[in-house]
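The lines below spell out each chain.
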Amino acid sequence: MSASTPQLNGLGTLYVVATPIGNLDDISARALRILAEVSLIAAEDTRHSTRLLQHFGIRTPLAACHEHNEREEGGRFITRLLAGDDVALISDAGTPLISDPGYHLVRQARAANVTVVPVPGACALIAGLSAAGLPSDRFVFEGFLPAKQAARCTRLTAVQHDPRTLIFYEAPHRLLDSVADMCDVFGADRPAVLARELTKTFETIKDLPLQQMHDWIAADVNQQRGECVLLIAGYQAPVEALEVSLEAQRVLMLLMAELPPKRAAALAAEITGVRKNALYQWALDNKPA
Ligand code: SAM
């Protein structure tokens, strides 16, 4: 059965369909139509999705497509697609592939020349960003942080100086530890937003500097429940660094390739007339890894 215009090559289409992240009204009319019309729905958790489909009176058969079987069982879905059947891919909530299964199936489908069509809708990171009030022109999605503290701090350090808004998914039981590590790595004053239980009854969007955010979460156990997105303002160069002109930066970079930061800053100060302290700070902030 075809959910839209049949493909000329006779193959079925793989639809990547976003489902709600809480409020069921967030499903799109197009998503409902496609879910009802395809031959098969590949779902992360068939029991979970059965409830969603029942709510909307959709009786399309479901088959499991989760992180443990996706790579091996993907062939089953590809066979159906090659036979001309349309398939929809859904995850438990939000957009498939976004910290959810589906990547391998989409890769396999594209490799088999199957048309892959996105059916966009809810996505927690985008919903959080849209309401956080942090710069949204450039952002980085870091997904889930590692559970172990050392690995988590390594990941945080890698984005410490990234000027773009940073977005993380976090499990509620790790929220406090992660925010504590963010305080250490990004600094206590870095602006942060906790977007919790988006589109649900207890939706909370709180903005505070990191240390205050940590204390606020620690003081209220309710903030350590449910689902959450953490959004952190990107790195802003200290005011001193802004005094360093582009020309001075260029000179300093050249000197830093040969000299330690302190010596490079001192020489660059003599050459460019820019303050030595400002140059030294810039050198430390921009030291090659
Ligand atoms: N595919 C989903 C999406 O498009 O956002 C994400 C799935 S991922 C397995 C689940 C994580 O997304 C949660 O741990 C949480 O970090 C975030 N999340 C999902 N629903 C949310 C909600 N209603 N409010 C806040 N965060 C949510």
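Residue numbers run consecutively from 1 along every chain, following the written order of its sequence. Per-residue local features are limited, in this predicted model, to residues with pLDDT of at least 70; the limit for side-chain atom pairs, both in listing and counting, is 80 or more; totals at the level of whole chains, interfaces and linings are taken over all residues. Side-chain numbers come from the whole structure's heavy atoms, not from hydrogens or water.

Peer 1: Sorry if this is basic, but what is going on with the sheet that holds strand 10 (residues 228-232) here?
Peer 2: Adjacent strands of a sheet pair through backbone hydrogen bonds, lying either parallel or antiparallel. The strand order 6-7-10-8-9 describes an open sheet built from five strands, whose pairing is mixed. The open sheet terminates on both sides in strands that have one partner only, identified here as strand 6 (139-144) and strand 9 (204-209). Between one strand axis and the next, the sheet turns through 20° on average, direction left out of account. By definition in these notes, contact holds between two residues if any of their heavy atoms fall within 4.5 Å. For every element, the axis is a line fit to its C-alpha atoms; helices are fit only across the contacting stretch, and the angle between N-to-C directions ranges from 0 to 180 degrees. Under the DSSP-based scheme used, a helix requires at least four consecutive residues in state H or I and a strand at least two consecutive residues in state E, with every element numbered from the N terminus. Sitting on the sheet, helix 8 (residues 210-219) touches strand 8 (191-196), strand 9 and strand 10, and the angle it makes with strand 9 is about 130°. Strands qualify as paired when DSSP identifies two bridges or more between them.

Peer 1: Teacher, can you tell me more about the packing of helix 10 (residues 246-256) against helix 12 (residues 276-285) here?
Peer 2: Packed helix pairs are characterised by how far apart their axes lie and by the angle those axes make with each other. Interaxial distance between helix 10 and helix 12 falls to 11 Å at its minimum, and their mutual angle equals 60°. The angle between helix 10 and helix 12 falls in the class oblique. Between helix 10 and helix 12 lies a crossing whose hand is right-handed. Residue-level contacts link Ala 248, Gln 249, Leu 252, Met 253 and Met 256 of helix 10 to Leu 279, Trp 282 and Ala 283 of helix 12. Put simply, Ala, Val, Leu, Ile, Met, Phe, Trp, Tyr, Cys and Pro go in the nonpolar bin, Asp, Glu, Lys and Arg in the charged bin, and everything else, Gly too, in the polar bin. Of the residues that constitute the contact of helix 10 with helix 12, the class distribution is seven nonpolar, one polar and no charged. For classification purposes, an angle smaller than 35 degrees is called roughly parallel, one larger than 145 roughly antiparallel, one from 65 to 115 roughly perpendicular, and anything else oblique. Whether a crossing is left-handed or right-handed is set by the direction in which the near helix is turned from the far one by less than a right angle, anticlockwise for left-handed and clockwise for right-handed.

Peer 1: Mind showing me how you'd approach the site of the ligand here?
Peer 2: The ligand sits among 19 residues. The nearest are Thr 95, Asp 100, Ala 124, Tyr 169 and Cys 228. Counted as a polar contact is a pair of N or O atoms within 3.5 Å, where, for protein atoms, one must be capable of donating a hydrogen and the other of accepting one, and residues adjacent in sequence contribute only when both atoms are in side chains. Tyr 169 has a polar side-chain atom sitting 2.6 Å from an oxygen atom of the ligand. Backbone polar atom of Cys 228 to an oxygen atom of the ligand: 2.6 Å apart, as the coordinates give it. Note that accessible areas follow from Shrake-Rupley with a 1.4 Å probe, and for residues the cover is restricted to the protein chains shown. Considered on its own, the ligand offers 570 Å² of accessible surface; in the complex 91% of this is hidden by protein. Elements represented by at least two residues in the shell around the ligand include exactly strand 7 (165-170) and strand 10. Its residues assigned to classes, the shell around the ligand comprises 11 nonpolar, three polar and five charged. Here the bounds of each domain stem from an automatic or database domain assignment. In this structure, the shell around the ligand is formed jointly by two domains, domain 1 (13-122) and domain 2 (125-232), each of which donates at least three residues. One heavy atom within 4 Å of a molecule or strand is enough for the residue carrying it to be called near that molecule or strand.

Peer 1: Looking at this model, I keep getting lost on the packing of aromatic side chains. Mind explaining?
Peer 2: Each pair of aromatic rings taken from Phe, Tyr and Trp, with Trp reduced to its six-membered ring, is defined by centres within 6.5 Å and is described as stacked if the planes are under 30 degrees apart, edge-to-face if over 60, and tilted in the remaining cases. This structure, assessed with the given rule, holds two aromatic pairs. When the centroid spacing of 4.8 Å and the interplanar angle of 65° are considered together, the rings of Phe 141 and Tyr 169 count as edge-to-face. Separated by 28 residues along the polypeptide, Phe 141 in strand 6 and Tyr 169 in strand 7 bring together distant segments of the chain. The cut-offs for exposure are 20% and 50% of the maximum accessible area for each residue type, with area from a 1.4 Å probe on protein chains only; residues under the lower value are buried, those over the upper are exposed, and the others partly exposed. Judged by its relative accessible area of 9%, Tyr 169 is buried. On the basis of an interplanar angle of 65° and a centroid distance of 5.7 Å, the ring pair of Phe 144 and Tyr 169 is categorised as edge-to-face. Taken together, the residues Phe 144 in strand 6 and Tyr 169 in strand 7 connect sequence positions 25 residues apart. For Phe 144, a relative accessible area of 42% gives the class partly exposed. Feature note: the residues Phe 141, Phe 144 and Tyr 169 constitute an aromatic cluster, connected by ring pairs. The side chain of Arg 76 reaches across the aromatic face of Phe 77, ending 5.6 Å from its centre. We call a charge positioned over a ring when the NZ of a Lys or the CZ of an Arg lies within 6 Å of the ring centre and within 35 degrees of the ring normal.

Peer 1: So what exactly am I meant to see when it comes to the pattern of salt bridges here?
Peer 2: Any two side chains of opposite charge can pair, so long as their charged atoms come close to each other. Salt bridge, as used here, is a side-chain nitrogen of Lys or Arg placed within 4 Å of a carboxyl oxygen of Asp or Glu. Scanning all chains against the criterion turns up 10 salt bridges. The shortest N-O distance in the salt bridge between Glu 170 and Arg 174 comes to 3.8 Å. Note on Arg 174: relative accessible area 24%, which makes it partly exposed. The partner of Glu 243 in a salt bridge is Arg 275, with the nearest N and O atoms 3.2 Å apart. With a gap of 32 residues between them, Glu 243 in the loop between helix 9 (239-242) and helix 10 and Arg 275 in the loop between helix 11 (261-272) and helix 12 connect regions that are remote in the sequence. Given a relative accessible area of 40%, Glu 243 falls into the partly exposed group. You can call Arg 275 partly exposed: its relative accessible area is 41%. By sharing partners, the salt bridges in this structure join Glu 197, Lys 200 and Glu 227 into a single network.

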